[in-house]
Amino acid sequence: MDIGNTSLVTEFILVGLTNHPEIQVPLFFLFLGIYIITAAGNLGLVTLIRLTSHLHTPMYYFLFNLSCIDLCYSSVITPKLLVNFVLKRNTISYAGCMTQLFFYCFFVNAECYVLTVMAYDRYVAICKPLLYKVTMSPQVCSLMAVVVYLGAFIAAWAHTGCMLRLTFCDANTINHYMCDILPLLELSCTSTHINELVVLIIVGFDVGVPGLTVTVSYVFILSSILHISSTEGRSKAFSTCSSHIIVVSVFFGSGAFMYLHPSSVLSMNQKKVSTVFYTILVPMLNPLIYSFRNKEVKVALKKTFSRKIFL
């Protein structure tokens, strides 16, 4: 993808999350703490899954991918946000802005698709346990991962490619803490109808198809769980799904709230707050939710720590 600049603008100014100087320093330390927790949590989960043999299953294979995505996803967004809190004038070059936009779109779409595949994995595990090893074989899981990243690349390329065709004349102040699609469209001095149509199609697909897949999967899962006779069996089945349901609800809910409204309905400040949920908070919450609500991960953590102590 050629990041050629047909615009008059050579750099953009990022306004940041807030214009109130008195809360810039507290927010800097808050989001720095969130980023440290995000990086440590996801790196820890990636390392734990890699080192623990009994976690080498389809569920944890996709959780491994989710943690890698969250780590990269957060690293694309948060460092530039932190700079906003300490500099009076935070600029980003045109090429840098388009690069950030591409990777932001890539990782957010990859997360969307991975969460969908994880719902399907839980459906097969609970509803068709006898076919699980065949249906979710290593070859099938690898193919699903390829489809996830290929789909994310196509979506990111579509958004960024459409953005590159726009011309930015004089206005170069982005009312956001990152190079997001909607704030950039507001600055264009050429028609954005094609871009808005692409956003509607891709986001509609990313929310609609995965949302339908997740909903249908959990309808069948709930039906199967209710037919389990033992209380212990039902409890175990619910526990394997509850973490995923929480993450999916926060991620898809905030994404739909942000992009599936007409641009005039929400103020930019409301949009920025919504974006914080799925760009900064979700990558932090994922490893915490999957660690504290997952017995297998907690057991693996205890074994790992006990080995370290005795060494």
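Within each chain, residues carry numbers counting from 1 in the order of the written sequence. Reporting of local features is limited, given that this is a predicted model, to residues whose pLDDT is at least 70; pairs of side-chain atoms are given and counted only at 80 or more, and all residues count toward the totals for whole chains, interfaces and linings. Remark: hydrogens and water are excluded; side-chain values derive from all non-hydrogen atoms of the structure.

- The name an unreviewed UniProt entry gives the protein chain is Olfactory receptor, with Capra hircus as the organism.
- UniProt positions are given in the numbering used here, feature names are shortened, and annotations may be inferred rather than shown by experiment. The Sequence similarities (unreviewed entry) field of the UniProt record for the protein chain holds the comment "Belongs to the G-protein coupled receptor 1 family."

1. Observations concerning the environment of Ala-237
Here is step 1: Here Ala-237 lies in helix 8 (residues 231-259).
Here is step 2: Separated by 12 residues in sequence, Ala-237 and Ile-225 have C-alpha atoms that sit 6.7 Å apart. Helix and strand assignments follow DSSP, with helices taken as H or I runs no shorter than four residues and strands as E runs no shorter than two, numbered in order from the N terminus.

2. Details of the state of the cysteines
Here is step 1: Sulfur atoms of two cysteines make up a disulfide when they are within 2.5 Å. Taken as a whole and assessed by the stated rule, the structure comprises two disulfides.
Here is step 2: Disulfide partner of Cys-97: Cys-179, at an S-S distance of 2.0 Å. Disulfide Cys-97-Cys-179: the torsion about the S-S bond is -125°, which places it as left-handed. Placement of Cys-97 in helix 3 (residues 94-127) and of Cys-179 in the loop between strand 3 (173-174) and helix 6 (181-187) is noted, with a sequence separation of 82 residues between them.
Here is step 3: Between the sulfur atoms of Cys-169 and its disulfide mate Cys-189 the distance is 1.9 Å. An S-S torsion of about 70° defines the bridge between Cys-169 and Cys-189 as right-handed. Within this pair, whereas Cys-169 is found in the loop between helix 5 (138-164) and strand 3, its partner Cys-189 is found in the loop between helix 6 and helix 7 (193-226), the two being separated by 20 residues in sequence.
Here is step 4: What connects to what in the protein chain, once the bonded cysteines are numbered by sequence position, is 1-3, 2-4.
Here is step 5: No disulfide involves Cys-68; its sulfur sits 6.7 Å from the nearest other cysteine sulfur, which is in Cys-72.
Here is step 6: What makes Cys-68 partly exposed here is its relative accessible area of 27%. Note on exposure labels: buried denotes an accessible area under 20% of the residue type's maximum, exposed denotes more than 50%, and partly exposed covers the range between, all computed with a 1.4 Å probe on protein chains only.

3. Section: the side chain of Gln-100
Here is step 1: In this fold, Gln-100 is placed in helix 3.
Here is step 2: Separated by 3.2 Å, the side chain of Gln-100 and the backbone oxygen of Val-76 make a polar contact.
Here is step 3: By the convention used here, residues are in contact when the closest approach between their heavy atoms is within 4.5 Å. Setting aside anything within four residues of it in sequence, one finds Gln-100 in contact with Val-76, Ile-77, Lys-80, Ile-92, Met-178 and Cys-179. A 3.5 Å cut-off defines polar contacts: any pair of N or O atoms within that distance qualifies, except that in protein one atom must be a possible hydrogen donor and the other a possible acceptor, and neighbouring residues in sequence count only when both atoms are side-chain atoms.

4. Let's talk about the packing of aromatic side chains
Here is step 1: Think of it this way: a Phe, Tyr or Trp ring, Trp meaning its six-membered ring, pairs with another when their centres are within 6.5 Å, and the plane angle makes it stacked under 30 degrees, edge-to-face over 60, tilted otherwise. Summed over all chains, the structure comprises 15 aromatic pairs.
Here is step 2: Ring centres of Tyr-120 and Tyr-123 lie 6.1 Å apart, and the angle between their planes is 40°; on these two criteria the pair is classed as tilted. In this pair, Tyr-120 and Tyr-123 both sit in helix 3, three residues apart, roughly one turn of the helix.
Here is step 3: For Tyr-123, a relative accessible area of 18% translates into the label buried.
Here is step 4: These aromatic residues form a ring-pair network of at least three members: Phe-102, Phe-103, Phe-106, Phe-107, Tyr-149 and Phe-153.

5. Focus on the nonpolar core
Nonpolar side chains in soluble globular proteins tend to end up buried together.
Here is step 1: In these notes, a set of buried Ala, Val, Leu, Ile, Met, Phe, Trp, Tyr and Cys residues joined through side-chain atoms within 4.5 Å is what counts as a nonpolar core. In terms of nonpolar packing, the biggest core is built from 94 residues, with Phe-12, Phe-31, Tyr-104, Met-163, Phe-168, Leu-184 and Phe-251 touching the most fellow members.
Here is step 2: Take this core: its biggest share by element is 21 residues, from helix 3.
Here is step 3: Ignoring any residue separated from it by four or fewer positions in sequence, one finds Leu-184 in contact with Phe-12, Cys-97, Met-98, Leu-101, Met-163, Phe-168, Ile-174 and Cys-179.

6. Re a nonpolar patch on the surface
Here is step 1: Exposure above 30% relative accessible area and no salt bridge define the residues that can form patches, which grow by joining like charges within 9 Å and nonpolar side chains of Val, Leu, Ile, Met, Phe, Trp and Tyr within 5 Å. Here the Shrake-Rupley method, with its probe set to 1.4 Å, supplies the accessible areas, and only the displayed protein chains count as covering residues. Here a salt bridge means any side-chain nitrogen of Lys or Arg lying within 4 Å of a carboxyl oxygen belonging to Asp or Glu. Together, Leu-150, Phe-153, Ile-154 and Trp-157 make up a nonpolar patch on the protein surface, roughly 430 Å² of accessible area in all.
Here is step 2: Here Phe-153 shows up in helix 5.

7. What about the confidence of the model for the protein chain?
Here is step 1: Confidence of the predictor at the level of single residues is given by pLDDT, which spans 0 to 100. When pLDDT is averaged along the protein chain, the result is 84; 89% of the residues meet or exceed 70.
Here is step 2: Averaged over each element, pLDDT in the protein chain is lowest for helix 10 (residues 295-310) (67) and highest for helix 5 (95).

8. Thoughts on the pattern of salt bridges
Here is step 1: Applying the stated rule across the entire model yields two salt bridges.
Here is step 2: Here Arg-122 ties to Asp-121 by a salt bridge, and the two come within 2.9 Å at their closest N and O atoms.
Here is step 3: A residue is classified by how much of its surface remains accessible, and Arg-122, at 9% relative accessible area, is buried.

9. Let's talk about the environment of Thr-167
Here is step 1: Assignment of secondary structure puts Thr-167 in the loop between helix 5 and strand 3.
Here is step 2: Its relative accessible area of 21% is what places Thr-167 among the partly exposed residues.
Here is step 3: For the pair Thr-167 and Ser-188, spaced 21 residues apart in sequence, the C-alpha separation works out to 5.8 Å.

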